[in-house]
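# Residue-level structural notes
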Amino acid sequence: MRKTICYLLSLGLFTFYLVVLCTSGKRNASWEYEKFYIDQDLKYYVSEQELQQYTADQLWEYNQNGQSLNLGKGWSGFEDLATWMEGEESSFYIWLDSVQEKPYQLKISTLRRLKYKREFYVNGEKVDFPKAKKGIYTVEIPAEYLKEGLNEFTIVTRNVQKYCDIDPESSDTRLLTMFVKSVELCSGDEEHDGA
Amino acid sequence: MGEHKAYKKQISILVYIGLAIVLSRVVMYLWFGIVMKSWSFHDFFNHLNTWDSGWYSEVAQAGYRMKPRLDGQATWAFFPMFPLIVNLVHRILPINLNILASCLSTLFLALAMLVLYHYVLLTRGDEKIGRAVVYFYCFGVFTFYASAFYSESLYMLLMISCFWFMKRKKYICMGICGALLSATRNTGILIVFAILAYRIQEFWAESEDRSIKGFILSTLGDEKLILGTCLVPLGLFSLMVYLKIVVGDALAFLHVQTAWWRVNSSVLRNLREALFSDFPPDYLGICAVVTIVLLGILLFKYKRIDEAVVPILVFVISGTSSLGSVPRYMWGSIFVLLTFTEELMSVRRRYVRILCYVCAFFLGLSFLTGWFHSSILLI
C-alpha cells in the first residue's frame, strides 16, 4: 500500500512538472515585458502608454538633464552632455498619433561620430543616411515608411571595434559609434531650418 | 555509560557551535565599530544588509507584484523561500526587518553547522575536521553572508540536510529538504544530479550486476528514493506556476537576468580574462583557480562525486556569464570549504594548521571591511 502511494505521488509530481514545462513557453505577459526581456528591444522598462509621450515635433534629449526613455537596443548610459550609441545596432522610438502626407525630417544631433559606415532604417525600411553637417544628421523620411503608433528608427554600423582599439590611450572596451545629444522628428507640415 | 558519553559529546558540540556563532558575530560587531567608527546597532545591521539584501527585503515585504525598475531589474530574480520565512516570522515578531533577517540567517547558519558537523562525522569520521570547518565558516572569509539578508545560510542548511538524509537513506526527508532548497535559490534544483551520482556510486559499490538495466530496476524499485527525488523540483515548479499567474511568464526568473547585463560567454574565457588580462590577476580569477583545485581534489583524490557535482555545475553555470558570484556560491556550496578543511587537517605539522586558522581570521576581517564598505567585488 505504501509503495503504491509513493509511486502514485511520484507520478502525480512528474505529471505536474511536465505540464508546467510544456506550458512555460506560452506567455501572458505585458507588451513592455515582451519587448524588454524577450525581444530585448528596449533599453528601459517602459510601457507602450509611457512611450506615447515621445511624439514628433519635440526635441528628445539623451543626457543627464533630459533623460528621454524612448531608447531601444544599442545605447550606453546617460552622460552629462549626451549618450553613446553602442554596438552594431542602435534604435529609438517615436510615437505618431497620425501620419502626415508630406515627408518628415529626422534630426539627430551628435557631439561625436566615430568613422564608420552607417545605414539607417525606419520600421525596417532602409532610408538614405546623409553625412552630418555641424554634427547634425538630417534625414528625409518618406511618409509611407511611417505608421500610426510606435515607430522604430535604427542606425546600423558595421565592423564596430572596441574604443580602446581605436584610441590606445583609452581603456574603454565599449563598442562606441556615436555620441548622441538629441533627436527630433519634424512633420512635413512644419517649416524646418536646413542642417 | 556509553549513552552518557554520547550525550556529553552532543552537549559539547552544541556549546562549541553556539560559542563559535556568538563569538564570531560579536567580533563582526566590534570590527564594525572599529572600522566604521560607529557603535550603533542600527548602523551595524544596515551596513551588514547591503547589496542584494535590499532585493530580498522587497520580496519579503511586497512579494513579486512590484513593477520592475527602469533598468528592468525586478524581484523575480530572487527566490522566495528565505524572504517568505522572514515575512512569516515578522508577522509574529514585528521588529526591524533587517535585524530579524540577520537573526534568522544566523540561526540557519548555526543549524547548518550542526548538521554539517554530524555529516562530517558520518562521512569522514573525524571530529577535528568537523570542528575546523565550523571555525572556518564562522570566522573565515564571507561569513558575513550568513548573517545578512541573503539566502546563503538557509541554502547551506538545506543542502547539507539533503546530503545528511540521503546518506542515511531517509529519502522522503531528503526530498522535502530538496523541495525547500529548489525554492531557496535557482541552483537548488541541481541537487537531483547529486542524488543521481550518489545512487550510481552506491549501486556500483553494492551491486554485483553492474548493468544499466540492473541500475534502473534497482533504482525504480526503491519507491522512497523515487518519491524523494520527485519532490526536489517542487519548490522551483511552484514558483514557476506563481510567476505565470503574477507576471505572465513562468520563466521570469530566467528572463529577468538580462537586466543584470549578463552576457553569456564561457567559463574559460572569463577565467582567462580574469587571470591574464592584467597584473596582478583579478581576485575573482584567483578564487576560481582555488575552487578548481579544490574540486579536483574532491573528485579525483577523495572520489566524492556526489559532493562535487553541484559545486561543479554551479561553477560552470554561474561562471558562464561572469565570475562575480563564483566565490560566494562556492563558499555556500559547503563541499569546497570542507575539502580545504579536510586537506588542511591531513597536514601533520600543527603550526601550519594554526597559521591557516590565523590567516583565515584576518582575511575574514579584511573581507568584512570590504563588505561594510559595500565593495562591488563581494556583491
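Residues numbered from 1 in each chain as written. Chains lettered and ligands numbered in written order. Predicted model: local features only at pLDDT ≥ 70, side-chain atom pairs only at ≥ 80, totals over all residues. Heavy atoms only, no water.

## Some words on the overall build of chain A
- The helix and strand tally for chain A stands at four helices and ten strands.
- Since a compact globule built from 195 residues should have a radius of gyration of about 16 Å, the 23 Å found for chain A marks it as more spread out than a globular shape.
- In terms of overall dimensions, chain A has a C-alpha envelope of 85 × 50 × 30 Å along the principal axes.
- Per-residue burial for chain A yields a buried fraction of 48% across its 195 residues.
- Taking all contacts inside chain A whose residues are at least 6 apart in sequence as the whole, residues at least 24 apart take part in 63%.
- The positive charge centre, built from 23 side chains, and the negative charge centre, built from 31, are 8 Å apart in chain A. (Helix = DSSP H or I, 4+ residues; strand = E, 2+ residues; numbered from the N terminus. Rg over C-alpha atoms; globule rule 2.2 N^0.38 Å. Buried < 20%, exposed > 50% of the residue type's maximum accessible area, 1.4 Å probe, protein only. Contact = heavy atoms within 4.5 Å. Lys, Arg positive; Asp, Glu negative; His and termini not counted. Charge placed at Lys NZ, Arg CZ, Asp CG, Glu CD.)

## Some thoughts on the confidence of the model for chain A
- Taken residue by residue, chain A gives an average pLDDT of 92. The fraction at 70 or more is 96%.
- Segment residues 191–195 of chain A: pLDDT under 50, and nine contacts once partners within four positions in sequence are set aside and those in other chains are kept. (pLDDT = per-residue confidence, 0-100.)

## Section: the pairing of strand β6 (residues 118–122) of chain A
Residues and elements named next belong to chain A.
- Of the two faces of β6, the one holding Arg118, Phe120 and Val122 is buried and the one holding Glu119 and Tyr121 is not buried anywhere.
- Taken together, the five bridges between β6 and strand β9 (residues 149–157) define a ladder with antiparallel strand orientation. Bridge pairing links Val122 to Phe153 in β9.
- Two strands pair when backbone bridges link them, and β6 and strand β7 (residues 125–127) are joined in this way by three bridges, in the antiparallel orientation. Paired with Phe120 across the strands is Val127, a residue of β7.
- What sits between β6 and β7 in their antiparallel hairpin is a turn of two residues, with Asn123 showing a positive phi close to 50 degrees. (Pairing = 2+ DSSP bridges.)

## Some thoughts on the packing of aromatic side chains
- Summed over all chains, the structure comprises 56 aromatic pairs over all chains.
- Note on Phe36(A) and Tyr45(A): the rings are 5.7 Å apart at their centroids and 70 degrees apart in plane angle, and the pair reads as edge-to-face. Take Phe36(A) and Tyr45(A): they sit in the same class, and that class is buried.
- Considering the side-chain rings of Trp55(B) and Phe78(B), the 5.5 Å spacing of their centres and the 15 degrees angle between planes classify their relative orientation as stacked. (Phe/Tyr/Trp six-rings, centres within 6.5 Å; stacked < 30°, edge-to-face > 60°.)

## Here we look at the interface of chain B and chain A
- Contact with chain B, which involves 34 residues of that partner, is made by 28 residues of chain A.
- For the pair chain B and chain A, the summed buried area comes to about 2,500 Å², and 67% of that belongs to carbon and sulfur atoms.
- The largest share of the area that chain B buries against chain A comes from Leu70(B), Glu223(B) and Phe237(B), three residues that together contribute 24% of it.
- Our count for the contact surface shared by chain B and chain A stands at two salt bridges.
- Between Lys67(B) and Glu50(A) there is a salt bridge whose closest N-O contact spans 3.6 Å.
- Counting across the chain B and chain A interface gives eleven residue pairs in polar contact (both at pLDDT 80 or more).
- For the side of chain B that touches chain A, the elements supplying multiple residues, two or more each, are α11 (223–231), α12 (234–246) and α13 (252–255) of chain B.
- Sorting elements by how many residues they give to the side of chain B that touches chain A places α11(B) first, with six residues.
- Taken together, the residues of the side of chain B that touches chain A sort by class into 20 nonpolar, six polar and eight charged. (Buried area = accessible area lost by both parts, 1.4 Å probe. Salt bridge = Lys/Arg side-chain N within 4 Å of Asp/Glu carboxyl O. Polar contact = N/O pair within 3.5 Å; in protein donor to acceptor, adjacent residues only side chain to side chain. Nonpolar A, V, L, I, M, F, W, Y, C, P; charged D, E, K, R; others polar.)

## Focus on the side chain of Ser76(A)
Residue and element names in this part refer to chain A.
- Counting through the fold element by element, Ser76 comes out in strand β2 (residues 75–78).
- Judged by relative accessible area, Ser76 falls into the buried class, the value being 9%.
- Side-chain polar atoms of Ser76 contact the side chain of Arg174, separated by 2.6 Å.
- The contacts of Ser76, once residues within four sequence positions are left out, are Lys43, Thr83, Trp84, Glu86 and Arg174.

## Structural notes on the packing of helix α9 (residues 191–206) of chain B against helix α10 (residues 212–220) of chain B
All names here are of chain B.
- It is at 11 Å that the axes of α9 and α10 come closest, and there the two elements cross at 115 degrees. In terms of orientation, α9 lies roughly perpendicular with respect to α10. When the axes of α9 and α10 are compared, the crossing they make is right-handed. For the pair α9 and α10, contact is made by Leu196, Arg199, Ile200 and Phe203 and by Gly214, Phe215, Ser218 and Thr219, respectively.
- For the contact of α9 with α10, the residue count by class is four nonpolar, three polar and one charged. (Axes fitted to C-alpha atoms, helices over the stretch in contact; angles between N-to-C directions. Parallel < 35°, antiparallel > 145°, perpendicular 65-115°, else oblique. Left-handed = near helix turned anticlockwise from the far one by under 90°.)

## Some details on α11(B)
- Most of α11(B) is tucked away, with seven of its nine residues classed as buried.
- For α11(B), every residue scored as buried is listed here: Glu223(B), Leu225(B), Ile226(B), Leu227(B), Gly228(B), Cys230(B) and Leu231(B).

## Section: the environment of Leu84(B)
- The topology assignment puts Leu84(B) in helix α4 (residues 81–92).
- A sequence separation of 21 residues divides Leu84(B) from Gly63(B), and the C-alpha atoms of the two residues are 8.5 Å apart.

## Quick look at the sheet that holds β6(A)
Residues and elements named next belong to chain A.
- If you walk across this open sheet you meet the four strands as β4-β9-β6-β7, and the pairing is antiparallel. In this open sheet, the two strands that pair with only one neighbour each are β4 (89–96) and β7. For this sheet, the mean inter-axis angle between neighbouring strands, taken without regard to orientation, is 30 degrees.
- Where β4 meets β9, eight bridges bridge the pair, whose relative direction is antiparallel. Bridge pairing in β9 places Ser91 opposite Thr154.

## Considerations on unusual backbone geometry
- With phi around 50 degrees, Asn123(A) is a residue other than glycine that occupies positive phi space.
- We note that Ser374(B) has phi near 55 degrees; this positive angle belongs to a residue other than glycine.
- Mapped onto the elements, Ser374(B) comes out in the segment after α19 (350–372).

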